[in-house]
Structure formats: structure tokens, C-alpha cells
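# A look at the structure
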Number of protein chains: 2
Amino acid sequence: MPLAPLFRPIDVAPAYQKVADAIEREIVNGRIKPGDPIGTEHDLVRQFGVNRSTIREGIRVLEEGGLIRRDSSRRLHACLPRYRQLASRLSRALVLHEVTFRELYEASMTLEVASIEGAVERGTGENLAELADNLARSEAVVGDPAMLAECDAEFHVLIAKASQNRVLQLAREPAAQLFYPTTEMIVTGVAEGGPRLVAAHRHLIDAIRHRDREAGVLWTRRHLQDWRRGFEKIASLDRSVEHMYMEHAQAARRR
Amino acid sequence: MPLAPLFRPIDVAPAYQKVADAIEREIVNGRIKPGDPIGTEHDLVRQFGVNRSTIREGIRVLEEGGLIRRDSSRRLHACLPRYRQLASRLSRALVLHEVTFRELYEASMTLEVASIEGAVERGTGENLAELADNLARSEAVVGDPAMLAECDAEFHVLIAKASQNRVLQLAREPAAQLFYPTTEMIVTGVAEGGPRLVAAHRHLIDAIRHRDREAGVLWTRRHLQDWRRGFEKIASLDRSVEHMYMEHAQAARRR
DNA sequence: TTCTGTCCCTTGTCCGACAAAGTTAGAGCT
DNA sequence: AGCTCTAACTTTGTCGGACAAGGGACAGAA
């Protein structure tokens, strides 16, 4: 007969983890504000009373989590995690889980429609100006698939931003990052792709300007259906997302 | 006149970052499969030709990203990033960006409705069994707010799972993690909260069983509106999400 | 067979060291 | 005085070596 449990397991986290947790707590609690400097490694060695190697391992954890960064002079300071950086982790996870383009398409349909609804309802003049600027740049590069795909990605980020809902902004980002590389392929492969894409963007901006929700939803759906039709000329929707994402994700990390 | 560019900028990432990138590439490319052992630190020292401290810093980066784990005996192996773990990073970011409950509510309305639609359309018998099991456990703890809140969180994870859309599963998770702590408060504060919550769950399961999309959407909306009404008795929707998340997030990390 | 002691290996941590790059302070010049 | 340029000083990234704690394997004892 097994012994009755008498003791609870003790929490024995390694020291580097405790260091990371302690600093994280201070940041999330707000005692260290984004932008505030964390001391030098030597300072932290003194404060925590552990070796510099241990401190450095803890710092790596926080750095990867986006909670602290090193500025140009490599000094440490707290910072607000960037959605894009975090989303690239998620995109990577989606690739590893071998999600299909069908899942990506379906989820994006939901998320992008929600974004445009928010944008139509709450988009500001400033949002419209950014979108118009993006549109102008898109029109200028309509013949260059790579540039156009980049503009398209930015356009939808701006739509999400115009929704004024940061949760939505964050939620759509992982799927969007996986879309991005395919857009270039599609615009390259389908002759009508570029102009249709730009036209859809124009209609979306109009919808926001006139606060015309129906039009916004309609054109978002069409825009995505265009993507889908274009994609199906190249591959099956049930293929899983693959390596194509890699180059883009790693390049984005460097920035 | 400036010289014509003759050389490309050299990649001057620190060694620990290169180590992390190299291992990440192998995992994402699929040459290292989830579950495969990475060598010991000493192996990696030999392979990369750098110091063990450097290897260890690289490992911390990958560990935080969820790409590798240490098993019970602390040996390294590749693994599939868990959505929950990644989502907790995102939740933390949302807290730091001081998103409001209104944003959380609006985004969740979209995401949960999409989840139930998928679940109604594609939910399997196994999904239903898991949901039914969850419902039974919920009914048993209807008087215990903490346990009930936990069941509620799990219920909605199961709904998302039943949608068979992993992108959606992932996208809803960050917002859901921030909801969780408030559910307990609400069920505690509102007498009718517990029974109403369980009733809604029952209706949702029925909707999936009968593939009744209208009912699924209807009860999801009601369920969320209940949350909202309950929350507004406690605080304003425009308050930003705060520390309340911390205890839960850190506890989840340990698992 | 099951328990226990021992050995080897791995990890977590520490110490000390050094080159490169950035920072600061002061000397020197206008 | 104000500016520039150089020389210390700091800080980071990396290295080598070291050691204790703890898991796994294996042999021997009950």
C-alpha cells in the first residue's frame, strides 16, 4: 500500500529561472516601466547574489519573451513586447503543427471580417490617412509581386489597427504572417491578381470612410476569396503550411 | 561620390543566437522531429565548437520559445510548442499594453462564435464525449467558483478543439486566458451565475450534437453577454486588464 | 525479486579571464 | 569658453576550468 501523501512537492526552480521570474514580476507589476533601464549584468550579479552566467541565462529568457531588450549600446531596458515578434513564435508553432491552408483561410475570414467591422465603426482620420498612403504605395508597385505582397500585409495590419482593438490585432497576426509569403506567389502566378488586390483595398478604404459596414464585409470576403481562388490554382487548400514561412520569419526577427 | 557597394553586410549575430537559430532551423525543417533528443550540452559544445556557457544561453532561448524541453531527467529534446504556453506570453503582452475588457469582450465574441460554428459543423463524437465529461464535472462543482471557472475555461478550449481549426484554437487562447480569472470573480459575486453558466454549456453541447448552428451561435452570444453583465456589476468594461492575471499565468507556466 | 550502494554522466552554478565595442573624462587646440 | 580627439574605464560576449547535486545503470545484498 502506498504511503499517504504527507508532503507537497517543493518548488525548486533553477536560479536563472528565479532571476527571470523576479525581473518579469517587476515589469508586469509596473514597478519597472517600459523603457526603464534594468541595471548592468554586474548590477544584477550584486543584487541577486548569483554568478554572471546565471544572470545571463535569465536575461536570455526575458529577451526571448520580448520583455527586455538591449538598445544600440547593448544596455538592458524593459520594453513592451511587440506583437509582431510574439506572433512570429506563434506562426512557427502553427507550421510545426502542420496546420492546413484551409484552417488558415477559415480563421482569417473570421478575423479579417471582425477587423473591418471594427475599422468601419471606429476608424479615425489618421487611420484613413495611413491606409490611403499604403494604397498609393501599392499602386506604385502593382507590377512587383514581392513589394505588393509586403504592402498587402501592411494594409491588413493597418485595418486591424483601425479597429482600435488590440486583442484582435494580436489574434490575427499569426495567421497573417503565414499568409504573407503566399500572396507573393499568387500575385506572381495570376495575371489579374495585382490589380484586383489593389481594387479591393480601395473599396475597403471607401467602406471605412463612409462607415459602410456591409461594403466592408463584402469586400473583405471577396478579397479573401480571391486569395483562395488564386491559391487553389497553385496548390490544395488542404496542404499544410511549410518551409516557405521560414525565410520571412527569420528575416523579421533580425529587425 | 560613394563607392559602389561591393560587399553585403555580414551577419554579426552573437554566437548564442546563431546556435539557437541553427537548432531552430533543424527543428522547423523537420530534420529534428518533435520528441527527438538533442544531444547533451557537451555534444553541442563539440558540434558547434563554442563554449558551454554559449550553448546554454542558446538553449534558454529555444526553451523559452517552446521548441525544446528538458524531460524528467533534464535531457534535451525537441518538442511541439504548446499553444497554452505561447499564449501566456501573449496574455502577458496584452496586460502590459493595458488592453481593456471591452477589447477582450469584443474579440472573444468573434472568436468564440467562430469556434462554435466550426464545432457545430465538424465536431466529432469524441469531442462531444469530452464536452459531456466536462459538463458533468462542472455540475458537480457548481457551488465552487474557483473550480467552476477552471471547468469553464476548459469547456471553451474543448469547443475550440471541436472546431478542428488549430489556427482558431491558437488565436482565441490569449484572450481566453485573460477571461479566466474574471469568471471566478463573477460566479462568486452573482448568485445566478453558476447555474446559468452550466445551462449555457448544456445548450451548446446540444447545439453541436444536433448540428444546430443557429442555437450554437445564440447560446454563445448569451453566454458571453452573461459574462459581460456579471462583469459590469463589478467593474467598468473600459478598465484595463491588470495584475489579476499574474498568479494564474505564473502557475500555468510551472506545469 | 526487490532494495541499496556505487560509479559515471549531465546539469546548474561558480570563478576568473580577456578581447571588442561602447562610454566617459580629460588633455589639447582653436 | 567651446570643440575635438585621445586615453582610460565599463560592459558585454566568449572562453576555460571547476565542483556539487542528482539521475541512470549496474552490481551486490536481503
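## Considerations on the overall build of chain A
A count of helices and strands for chain A gives 11 helices and two strands. Ordered by position from N to C terminus, the α and β elements of chain A give α-α-α-β-β-α-α-α-α-α-α-α-α. Its C-alpha radius of gyration of 23 Å places chain A more than 25% over the 18 Å reference for a compact globule of 255 residues. By its C-alpha atoms, chain A is 65 × 55 × 30 Å across when sized along the principal axes. Within the span of chain A, comprising 255 residues, buried residues form 53% of the whole. Across chain A, every contact between residues at least 6 apart in sequence was considered, and the portion connecting residues at least 24 apart equals 74%.

## Regarding the packing of helix H8 (residues 166-189) of chain B against helix H10 (residues 213-234) of chain B
Residue and element names in this part refer to chain B. The contact between H8 and H10 brings their axes to 10 Å, and the two run at 70°. Here H10 runs roughly perpendicular to H8, going by the angle between their axes. Note on packing geometry: the crossing formed by H8 with H10 is left-handed. For the pair H8 and H10, the contacting residues are Phe179, Thr182, Thr183, Met185 and Ile186 in the first and Leu224, Trp227, Gly230, Phe231 and Ile234 in the second. The residue makeup of the contact of H8 with H10, split by class, is seven nonpolar, three polar and no charged.

## Some words on the relation of the copies chain A and chain B
Note: a rotation about an axis with an accompanying shift along it relates these two copies of the chain. Once turned by 180° and shifted 0.0 Å along the axis, chain A lies on chain B with an RMSD of 0.1 Å. Classification of the inter-copy transformation places it as that of a two-fold axis. Counting the interface residues of chain A, we find that 98% of their copies in chain B are interface residues as well, pointing to one common contact surface.

## Some details on the interface of chain A and chain B
On the chain B side, the residues contacting the 54 residues of chain A number 53 residues. Counting each side, the surface lost to burial between chain A and chain B is near 5300 Å², with a carbon and sulfur contribution of 59%. Interface area lost by chain A to chain B is led by A:Leu96, A:His97 and A:Val167, which between them contribute 12%. At the surface where chain A touches chain B, the tally comes to 10 salt bridges. Measuring nitrogen to oxygen at the nearest pair gives 2.6 Å for the salt bridge that ties A:Glu57 to B:Arg60. For the pair chain A and chain B, the number of links is 24 residue pairs in polar contact (both at pLDDT 80 or more).

## So, the packing of helix H3 (residues 52-64) of chain A against helix H3 (residues 52-64) of chain B
Contact geometry of H3(A) with H3(B) gives a least axis separation of 8 Å together with a crossing angle of 35°. Like other packed secondary-structure pairs, H3(A) and H3(B) cross with a definite hand, here right-handed. Across from A:Arg56, A:Glu57, A:Arg60, A:Val61 and A:Glu64 in H3(A), the residues of H3(B) making contact are B:Arg56, B:Glu57, B:Arg60, B:Val61 and B:Glu64. The class makeup of the residues in the contact of H3(A) with H3(B) is two nonpolar, no polar and eight charged.

## Description of the protein's contact with DNA strand C
The full set close to DNA strand C counts 19 residues, and A:Ala15, A:Asn51, A:Thr54, B:Arg52 and B:Arg56 are the nearest of them. The sugar and phosphate moieties of DNA strand C supply 71% of its atoms located within 4 Å of the protein. Measuring from a base nitrogen of DNA strand C, one finds a side-chain N or O atom of A:Arg52 at 3.3 Å. One of the side-chain N or O atoms of A:Thr54 is found 2.7 Å from a phosphate oxygen in DNA strand C. Taken together, the elements giving at least two residues each to the surface near DNA strand C come down to helix H1 (15-29) and H3 of chain A together with H3 of chain B. Across the surface near DNA strand C, the residue classes break down as four nonpolar, five polar and 10 charged.

## Focus: the domain arrangement of chain A
Partitioning chain A into domains gives domain 1 (15-78) and domain 2 (83-254). Measuring from the centre of the C-alpha atoms in domain 1 of chain A to the corresponding centre in domain 2 of chain A gives 35 Å.

## Points about the side chain of A:Glu57
Here A:Glu57 lies in helix H3. Every residue in contact with A:Glu57, bar those within four places of it in the chain, is listed here: A:Tyr16, B:Arg56 and B:Arg60.

## Focus: the protein's contact with DNA strand D
Around DNA strand D lies a shell of 17 residues, among which A:Arg52, A:Arg56, B:Ala15, B:Asn51 and B:Thr54 are the nearest. Contact between DNA strand D and B:Arg52: a base nitrogen at 3.2 Å from a side-chain N or O atom of the residue. Here B:Thr54 contributes a side-chain N or O atom positioned 2.8 Å from a phosphate oxygen of DNA strand D. At the level of elements, H3 of chain A together with helix H1 (15-29) and H3 of chain B are the ones that each hand at least two residues to the surface near DNA strand D.

## Side note on the packing of aromatic side chains
The geometry of an aromatic ring pair is captured by two quantities: the separation of the ring centres and the angle between the planes. Residue and element names in this part refer to chain B. Under the criterion given, the structure shown has 10 aromatic pairs over all chains. Ring plane angle 45° and centroid distance 4.3 Å describe the contact between phenylalanine 101 and phenylalanine 231, whose orientation is recorded as tilted. Of this pair, phenylalanine 101 sits in helix H5 (residues 101-122) while phenylalanine 231 sits in helix H10; the two residues are 130 residues apart in sequence, bridging distant segments of the chain. Neither phenylalanine 101 nor phenylalanine 231 differs from the other in exposure class; each is buried.

About the criteria used
Residues numbered from 1 in each chain as written. Chains lettered and ligands numbered in written order. Predicted model: local features only at pLDDT ≥ 70, side-chain atom pairs only at ≥ 80, totals over all residues. Heavy atoms only, no water. Helix = DSSP H or I, 4+ residues; strand = E, 2+ residues; numbered from the N terminus. Rg over C-alpha atoms; globule rule 2.2 N^0.38 Å. Buried < 20%, exposed > 50% of the residue type's maximum accessible area, 1.4 Å probe, protein only. Contact = heavy atoms within 4.5 Å. Axes fitted to C-alpha atoms, helices over the stretch in contact; angles between N-to-C directions. Parallel < 35°, antiparallel > 145°, perpendicular 65-115°, else oblique. Left-handed = near helix turned anticlockwise from the far one by under 90°. Nonpolar A, V, L, I, M, F, W, Y, C, P; charged D, E, K, R; others polar. Least-squares fit on C-alpha atoms with pLDDT ≥ 70 in both. Buried area = accessible area lost by both parts, 1.4 Å probe. Salt bridge = Lys/Arg side-chain N within 4 Å of Asp/Glu carboxyl O. Polar contact = N/O pair within 3.5 Å; in protein donor to acceptor, adjacent residues only side chain to side chain. Near = heavy atom within 4 Å. Domains from an automatic or database assignment. Phe/Tyr/Trp six-rings, centres within 6.5 Å; stacked < 30°, edge-to-face > 60°.

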